Amino acid sequence: MPPLDARNEAVAILVGLLVLLTLTEMWFSYRENRHYYEKRDTLTNIYLTTLAFFMNLLVNGMAFFLLNFAYQFRFVQINNLFVYWFVLVVAQDFLYWVLHYTGHYCRLFWAMHVTHHSSEHFNFSTGFRSTVFEPLYRTFFYMPLALFGFTAVDILYAYLLTQLYGNLVHTQYHIPLPKWYGYIFVTPAHHRVHHASNIPYLDKNMGMMFIVWDRLFGTFHDEDPAEPVKYGLTHQPEDLGPVNILFHEWKALLHDVKHAPGLKNKLLYFVNPPGWSHDGSTQTARAMQREYNEKEV
């Protein structure tokens, strides 16, 4: 395994590159009058990533403890260095897809993930618009990696690498990439679709580094020139203040739970997808897509 100081140096270089690319994109956007950035929105992105940074510092000790504990019960050990890192990155990215899918199809987790989708702008700084509370539960999704013989340090390092890649696809600039690349890896076009509030695009393209998971499990959608992307949420909060950005979906969820009849319905609001309602007064993304497709036929 590479020494920790080499890892830290690599991370510092990659983060520095990402910051430089963000400033460069910001400058080109301003120079070309593209309006990809907006001051208040960018400051909100910085605020959220700062909160996420401190949340990670707060829980990383527990994450190491849990992963190290699980590692004691590993039932596989990969000795080849290349195979070790290849399998770790691919498996970690798949488990992130599972985590991300859960964040879109379980309202409890959506209440935390929604902050990342709340911007009506899309640029490199949007990648920093973190799911602030994700560190509280993320480790549990990665526990299987420890059981498969990957160390806590390596798991978290692989996660950081795929997250940095994920930041790089938050751009509206059209980057020419070979056709084969988009069959395997997430591209900016794929991720623009993911951040769209257009009905056909909802809950699509949830991969961080590899798009193959979405192609395999039916959550893939290409960017369609006939359907220009509209960024943000289907119901954008009126109050874009920093506190409301974090908690507006929690308020809506608890309001629905409070007014739901019976314990079963109250619990279903937590576990069912966003848009589910006990009386059918609101629609999930899949219901809206079915209705949309029926009208298109």
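Look up: the structure comes first, before these words.
It should be emphasised that the depicted structure is a prediction, and the values quoted were computed from it without experimental measurement.

### Concerning helix α2 (residues 39-71)
Then comes step 1: Taking 1.5 Å per residue, 33 residues should reach 48 Å; α2 reaches 45 Å between its end C-alpha atoms and fits that length.
Then comes step 2: The N-cap of α2, judged by a side-chain oxygen 3.3 Å from the amide nitrogen of R40 a few residues on, is E38.

### A word on the nonpolar core
Then comes step 1: One finds L67, L88, Y142, L145 and I155 to be the most contacted residues of the largest nonpolar core, which totals 47 residues.
Then comes step 2: For this core, the elements supplying multiple residues, two or more each, are α2, α3 (81-105), α4 (107-117), α5 (138-147), α6 (152-168) and α10 (242-259).
Then comes step 3: Looking at which element gives the most residues to this core, the answer is α3, with 9 residues.
Then comes step 4: Among the nonpolar cores identified, the runner-up in size contains 5 residues, and A111, L253, V257 and Y269 belong to it.

### Some words on a nonpolar patch on the surface
Then comes step 1: On the surface, L14, L17, L20, L21 and L168 cluster together into a nonpolar patch covering about 390 Å² of accessible area.
Then comes step 2: Per element, the largest residue contribution to the nonpolar patch is 4 residues, and it comes from helix α1 (residues 4-31).
Then comes step 3: Here L168 is to be found in helix α6.

### Brief notes about the pattern of salt bridges
Then comes step 1: Tallied over the entire structure, the rule returns 8 salt bridges.
Then comes step 2: When the shortest N-O distance is used, the salt bridge between R34 and E32 registers 2.4 Å.
Then comes step 3: Between E249 and R107 there is a salt bridge, with the nearest N and O atoms lying 2.8 Å from each other. Here E249 is found in helix α10, whereas its partner R107 is found in helix α4, with 142 residues between them in sequence. We note that E249, like R107, is buried.
Then comes step 4: In the salt-bridge network here, residues are joined through shared partners; they are R31, E32 and R34.

Parameters at a glance
Residues numbered from 1 in each chain as written. Predicted model: local features only at pLDDT ≥ 70, side-chain atom pairs only at ≥ 80, totals over all residues. Heavy atoms only, no water. Helix = DSSP H or I, 4+ residues; strand = E, 2+ residues; numbered from the N terminus. Expected span 1.5 Å × (residues − 1). Polar contact = N/O pair within 3.5 Å; in protein donor to acceptor, adjacent residues only side chain to side chain. Core = buried A, V, L, I, M, F, W, Y, C linked by side-chain atoms within 4.5 Å. Buried < 20%, exposed > 50% of the residue type's maximum accessible area, 1.4 Å probe, protein only. Patch = residues over 30% accessible without salt bridge, like charges linked within 9 Å, V, L, I, M, F, W, Y side chains within 5 Å. Areas by Shrake-Rupley, 256 points an atom, 1.4 Å probe, with all protein chains shown as cover. Salt bridge = Lys/Arg side-chain N within 4 Å of Asp/Glu carboxyl O.

None of this, on its own, says anything about what the molecule does.
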